[in-house]
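Chain by chain, the residues run as shown.
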Amino acid sequence: MMDALEERARLIGEAAAARARGRVAATLRETLPEVAVDVAGEDVVLTGRIAPDDPRLRWIGSLLR
């Protein structure tokens, strides 16, 4: 019985994490249209160039906390 509950909890957690990655990726795509954003497994990957002094970098950093 506990094994089934643990498996269900694991699946619920994985689904929630996948939804969160999707939301973060969608928000980044909207905020940074000049940067390619992809979800690769458990990672959200940003590809492109952005100026080091761009204030949006601080916003991205706040998402990672």
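Coordinates for the structure precede this section.
What comes next is a walk through the structure. All of these numbers come straight from a predicted model, not from anything done at the bench.

## Points about the nonpolar core
Residues Ala-25, Leu-28, Leu-32, Val-35, Val-37 and Ile-60 constitute the largest nonpolar core, which totals six residues. The residues touching Ile-60, leaving out its near neighbours within four places in the chain, are Leu-28, Leu-32 and Leu-46.

## Focus on the pattern of salt bridges
All told, the structure shown has four salt bridges when counted by the stated rule. The salt bridge involving Arg-10 is made with Glu-14; its shortest N-O contact spans 2.5 Å. With Arg-10 and Glu-14 both in helix 1 (residues 2-31) and four residues apart, this pair spans about one turn of that helix. For Arg-10, a relative accessible area of 38% puts it in the partly exposed group. Overall, the relative accessible area of 43% leaves Glu-14 in the partly exposed class. Here Asp-54 makes a salt bridge to Arg-56, at a shortest N to O gap of 2.8 Å.

## Regarding the environment of Ala-15
Mapped onto the elements of the fold, Ala-15 is located in helix 1. Along the backbone, Ala-15 and Ser-62 are 47 residues apart, and their C-alpha atoms lie at a distance of 23 Å.

Cut-offs and rules
Residues numbered from 1 in each chain as written. Predicted model: local features only at pLDDT ≥ 70, side-chain atom pairs only at ≥ 80, totals over all residues. Heavy atoms only, no water. Core = buried A, V, L, I, M, F, W, Y, C linked by side-chain atoms within 4.5 Å. Buried < 20%, exposed > 50% of the residue type's maximum accessible area, 1.4 Å probe, protein only. Contact = heavy atoms within 4.5 Å. Salt bridge = Lys/Arg side-chain N within 4 Å of Asp/Glu carboxyl O. Helix = DSSP H or I, 4+ residues; strand = E, 2+ residues; numbered from the N terminus.

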